[in-house]
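# Per-entry structural report
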Amino acid sequence: MATVTEKKAPKQKSDVTLHYLRPGKKFPNVWCPGCGIGIVMGAYIRALDKLGWDRNKVAMVSGIGCSSRMPVYLDFHALHTTHGRALPFATGVKFNRPDMNVVVITGDGDALAIGGNHFIHACRRNINITVILINNNIYGMTGGQGSPTTPSHSYSTTTPYGNAEKHFDPCTLAKAAGATFVARGTVANVPQLEKLASQALQHHGFSLLEVVTNCHTYYGRLNRMGDAVTMIQKFKEDAVMLGKAKKMTPEELEGKFIVGVLHEEEKTEFCDVYDQVVEHVSPK
Amino acid sequence: MAKENRQLLQGNAACVQGALYAGMRFFAGYPITPSTEIAEGSARELPKLGGKFIQMEDELGSIAAIIGASVSGAKAMTGTSGPGYSLMLENIGYAFMTEVPVVVVNVQRGGPSTGLPTKVSQSDTMQARWGTHGDYSSITVAPSTVGDTLTETIRAFNLAERFRTPVTILLDEVIAHSREIIRIPEPGEYEVIDRVKPTCPPEEYLPYEITENYVTPMPAYGEGYRYHITGLTHDQHGFPTNKPSEIIVKLDKLKKKIENYKDEITKIRVEMMDDAEIAIISYGSVSRAALQATMLAREAGVKVGCIQLYTIWPFPEKELLELCGKCQKVIVGELNMGQIVHEVERILPRDISINTIQRYDGEILTPVQILEKLEEVL
Ligand SMILES: Cc1ncc(C[n+]2csc(CCOP(=O)(O)OP(=O)(O)O)c2C)c(N)n1
Ligand code: SF4
């Protein structure tokens, strides 16, 4: 990841990221050069830094996958769990300790396939957890198999003749399941991503930030989409701001994806409601 | 002196009482017969103490949630039966690897699969030892009465906290649903152990340091000690490793912290063994029938004694060898097709005749059946 080799560089924007790297960890990281996960990490850290949160009050919980490796590199409480289970672990942390800011880093396979049931129920509870779902349309870590967001007809190592299945839209799913903040960004627009991350972190309730990113190593290569830069460039072309999308016809939106805050509402939060129960039943 | 607090409780309710006594403040679970009353009791009692109860979407989530609660500072438990325990095994393994104290109650029913939801069994004995993949040492306790369920639950929490490990309580349907009058202990009557916390400055803290007793102090979230927890095999910093030398250190830690301290973990009840020529070995609800049968046989002049295993895992090898070494015959009673008996065969000398009495039809072993077996063996 670029920020690491820039350690001695004069003060520049990425310095803040360096400030949050976990001491004692032997770099380099596990990610391929050009992988978008590092971009997501940078945007997230800058958003968090601006919020000024005490890092002893931040718990990062992740599942298994390339994306889920992020917490090892960052100097917060880090719980790298089992495949798909980040959300129930995070639920345990948050419910036990509502004073902690709990952030889940997950991939499309981790959150929506093996962890799909946990995902919808965490949305339903509206527990105050922020999920950053790094969607690269494929299983990166295991070498390019199809995921629940691999588009129909796309290629992966387990869909060698094109994907016969339909794919999930994580944002629609989250909204329907009860999430109270749902947003989508892309690694092609980092200032926007940083802003969305900040909003998601600050939202009181379950928040989902889906980040559309590149796995050029597998998804890109198997679908002849070019290198990392070409893929990210394409995201720039395909991403449509919500406001603009509203004025477009379904035909015009074909092949595009909508970015921005897609859903936001105020609803009672799970831990708050339980606290009221405790207040009500505990002996006076 | 204040009046004794006596209550008519079923085993599942006694389990909740024991857990609360030990300081449980977090429970996550998913309903399943014959364990559901543990969740229901926790749902009712925990909020009164400022504790937390959550019904998760499944058992995969329940075990994950209690591990999350434990790393962030709570004493946490879940309760289930075979089908749920099978689902929990994934993250029970995670708790072994990451050394997170949690208590898991398995109220056994008949299996495999959905099996016999309302019938008794002891067929998850080996699963409790070896259920999750990989190499590790594990602790399992097995009460036999409603009263012991309370005290063994306290002990399970103490062992979990002392050894930083998941501890399984193997209950069975009979104990879980039998009602007996028990005395609720007063605070201070039983020792309650809490995990050791680090005292060094956070920058010097090694989250998986090899200490003298192989157990590393464990901070809660928010106490200034930020470290990485992973189910990947890790070094003493908690960072994933592939180095053979570091892999050995980690796996030896998991084993030695338990196997080297078996004396602290083993608990057995020994009755009438002094001059016994025959020993009846059992655990869980079978031990009640075994004790009754032993007393009746003694009245008839038979030199028989009985040994009840409260600690099943690690297996009390040394104690059984000492106790049974002088016997000519041993009878192992279990509600399964033969599980603990293989451990007994493994450790006892070849010249001792090892006999079994087993039931796996969903019914209990009665004292009369054990007496009949005794007659046959004599
Ligand atoms: C229970 C279990 N099943 C399968 C695996 C293997 N596995 C590791 S990562 C992964 C997929 C990860 O994909 P995704 O969540 O999309 O993350 P990415 O690597 O693309 O960031 C799988 C199947 C596992 N670790 N555990
Ligand atoms: S395999 Fe794909 S997702 Fe994983 S690090 Fe490489 S580019 Fe990123």
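Rules and cut-offs
Per-chain numbering applies: the sequence of each chain, read as written, is numbered from 1 onward. Each chain takes a letter, starting from A, and each ligand takes a number, starting from 1, following the order in which they are written. Per-residue local features are limited, in this predicted model, to residues with pLDDT of at least 70; the limit for side-chain atom pairs, both in listing and counting, is 80 or more; totals at the level of whole chains, interfaces and linings are taken over all residues. We count a stretch as a helix when DSSP gives it H or I for four or more residues in a row; a strand needs E for two or more, and each element gets its number in order from the N terminus. What the globule rule says is 2.2 Å times the number of residues to the power 0.38, and the radius of gyration is computed from C-alpha atoms. Residues are called buried when their C-beta atom has 20 or more other C-beta atoms within 10 Å, exposed when it has 12 or fewer, and partly exposed otherwise; all C-beta atoms are positioned from the backbone. Residues are treated as contacting if the C-beta atoms built from their backbones sit within 7 Å of each other. Each residue receives a C-beta atom built from its backbone; the residue is near a molecule or strand if that atom lies within 6 Å of it. Classes in brief: Ala, Val, Leu, Ile, Met, Phe, Trp, Tyr, Cys and Pro nonpolar; Asp, Glu, Lys and Arg charged; the others, Gly included, polar. One bridge is not enough; two strands pair if DSSP finds at least two bridges between them. Residue ranges for the domains trace back to a domain assignment, done automatically or taken from a database. Expected helix span is taken as 1.5 Å per residue step, with the number of steps being one fewer than the number of residues. The quantity called bend is, for any residue, the angle between two axes fitted respectively to the seven residues ending at it and the seven beginning at it. Orientation is described by lines fitted to C-alpha atoms, with helices fitted over the stretch in contact, and by angles between N-to-C directions that extend from 0 to 180 degrees. An angle below 35 degrees is read as roughly parallel, one above 145 as roughly antiparallel, one from 65 to 115 as roughly perpendicular, and any other as oblique. Left-handed describes a crossing whose near helix is turned anticlockwise from the far helix through less than a right angle; right-handed describes the clockwise counterpart. In this description, the arc belongs to the directions extending from the helix axis to the C-beta atoms. Scored between 0 and 100, pLDDT is the confidence that the predictor attaches to each residue.

With that settled, the discussion passes to the overall build of chain A. Tallying secondary structure elements over chain A gives 14 helices and eight strands in all. Radius of gyration (C-alpha) of chain A: 19 Å, near the 19 Å computed for a compact globule of 284 residues. Dimensions of chain A, computed from the C-alpha atoms along their principal axes, are close to 65 × 50 × 35 Å. Expressed as a percentage of its 284 residues, the buried residues of chain A come to 49%.

Bringing the overall build of chain B into the picture now. A tally of helices and strands in chain B yields 13 helices and 16 strands. Taking 378 residues into account, the globule formula puts the C-alpha radius of gyration at 21 Å, and chain B, at 21 Å, falls close to it. When the backbone C-alpha atoms are referred to their principal axes, chain B occupies close to 70 × 50 × 45 Å. Looking at chain B as a whole, 53% of its 378 residues are labelled buried. The long-range share in chain B, meaning contacts at least 24 apart out of those at least 6 apart in sequence, stands at 76%.

So, on to the site of ligand 1. All names here are of chain A. With respect to spatial proximity, 18 residues lie near ligand 1, and among them G65, G107, G109, D110 and G140 are the closest. For the shell around ligand 1, the element with the highest residue contribution is helix α6 (residues 108-114), accounting for three residues. Taken together, the residues of the shell around ligand 1 sort by class into seven nonpolar, nine polar and two charged.

In this section: the interface of chain B and chain A. Of the residues lining the interface, 35 residues belong to chain B; the matching set on chain A comes to 38 residues. For the side of chain B that touches chain A, the secondary-structure elements that each account for two or more residues are β2 (24-29), β3 (52-55), α3 (59-71), α4 (82-98) and β10 (228-230) of chain B. Considering every element that reaches the side of chain B that touches chain A, the biggest residue donor is α3 of chain B, with nine residues. Each residue belonging to the side of chain B that touches chain A can be placed in one class, and the counts come to 17 nonpolar, 12 polar and six charged. Note: strand β2 (residues 77-80) of chain A against β10 of chain B, three bridges, orientation parallel. Within β10 of chain B, the position partnered with L79 of chain A by the bridge is I229 of chain B.

Residues and elements named next belong to chain B. Split into domains, chain B comes out as domain 1 (6-183) and domain 2 (269-377). Between domain 1 and domain 2, the C-alpha centre-to-centre distance is 26 Å. Contact with domain 1, which involves 24 residues of that partner, is made by 20 residues of domain 2. Broken down by secondary-structure element, the contributors of at least two residues to the side of domain 1 that touches domain 2 are β6 (116-120), α5 (125-130), β7 (139-141), β8 (166-172) and α7 (173-177). Ranked by the residues each element gives to the side of domain 1 that touches domain 2, the list is headed by α5, at four residues.

Residues and elements named next belong to chain A. The topology assignment puts L208 in strand β6 (residues 207-212). Considered as a pair, L208 and N137 are 71 residues apart in the sequence and their alpha carbons are 17 Å apart. The residues touching L208, leaving out its near neighbours within four places in the chain, are V131, L133, P170, C171, A174, A179, F181 and V182.

Once that is clear, we can look at the site of ligand 2. For ligand 2, the full set of nearby residues is W31, C32, C35, I37, C66, N136, G140, M141, C215, H216, T217 and Y218 of chain A. Tallied by class, the residues present in the shell around ligand 2 amount to eight nonpolar, four polar and no charged.

Attention shifts here to helix α8 (residues 244-259) of chain B. All names here are of chain B. Here α8 contains 16 residues, and its C-alpha end-to-end distance of 22 Å stays within 8% of the 22 Å for a straight helix at 1.5 Å per residue. The largest bend in α8 is about 25°, located at K253. The complete set of buried residues in α8 reads L254, K257 and I258. Its buried side turned inward, α8 meets α4, β7, α6 (146-163) and α9 (262-265).

We now examine the packing of helix α10 (residues 286-299) of chain B against helix α13 (residues 367-377) of chain B. Any two packed helices are characterised by how steeply their axes cross, that is the angle between the axes, and by the distance between the axes. Residues and elements named next belong to chain B. Interhelical geometry of α10 versus α13 gives an angle of 55° and a closest axis separation of 8 Å. When the axes of α10 and α13 are compared, the pair comes out oblique. Crossing of α10 over α13 shows right-handed handedness. The segment α10 lies against α13, with A289, A290, Q292, A293, L296 and A297 engaging P367, I370, L371 and L374. Residue classes in the contact of α10 with α13 are distributed as nine nonpolar, one polar and no charged.

Glancing now at helix α11 (residues 228-238) of chain A. Count 3.6 residues to each turn of an α-helix, and residues three or four apart come out pointing the same way. Residues and elements named next belong to chain A. Buried within α11 we find A228, M231 and I232. End-on, the buried residues of α11 take up no more than an arc of 95°, which puts them together on one face. Of the exposed residues in α11, the ones pointing more than 90 degrees away from its buried face are V229, T230, K236 and E237. Of the surrounding elements, those touching the buried residues of α11 are α10 (216-222).

What follows deals with the confidence of the model for chain B. A residue-level look at chain B finds 99% of positions with pLDDT of 70 or above and a mean pLDDT of 97. This prediction of the complex comes with two scores: 0.97 for pTM and 0.97 for ipTM.

What follows covers the sheet that holds strand β11 (residues 268-271) of chain B. Residue and element names in this part refer to chain B. Read across the sheet, five strands follow the order β11-β13-β12-β15-β16 without closing on themselves; strand pairing throughout is mixed. The sheet terminates laterally at β11 and β16 (353-358), the two strands that pair on one side only. Taken pair by pair, the neighbouring strands of this sheet meet at an average axis angle of 20°, ignoring direction. Pairing between strand β15 (residues 329-334) and β16: six bridges, direction parallel.

So, about the environment of Y283 of chain B. Residues and elements named next belong to chain B. With respect to the element layout, Y283 can be found in the loop between β12 (278-282) and α10. According to the C-beta neighbour criterion, Y283 is buried, with 29 such atoms within 10 Å. Taking the C-alpha atoms as reference, Y283 lies 12 Å from D148; in sequence the two are 135 residues apart. Excluding anything up to four places from it in sequence, Y283 contacts A142, Q308, L309, I312 and I340.

Below, the discussion takes up unusual backbone geometry. Residues and elements named next belong to chain B. Residue P34 follows T33 across a cis peptide bond; omega there is 0°. By the secondary structure assignment, P34 is in the loop between β2 and α2 (36-45). Of the consecutive residues W313 and P314, the connecting peptide bond is found in the cis state with omega at -5°. Even without a glycine there, the phi angle at S113 is positive, about 60°.

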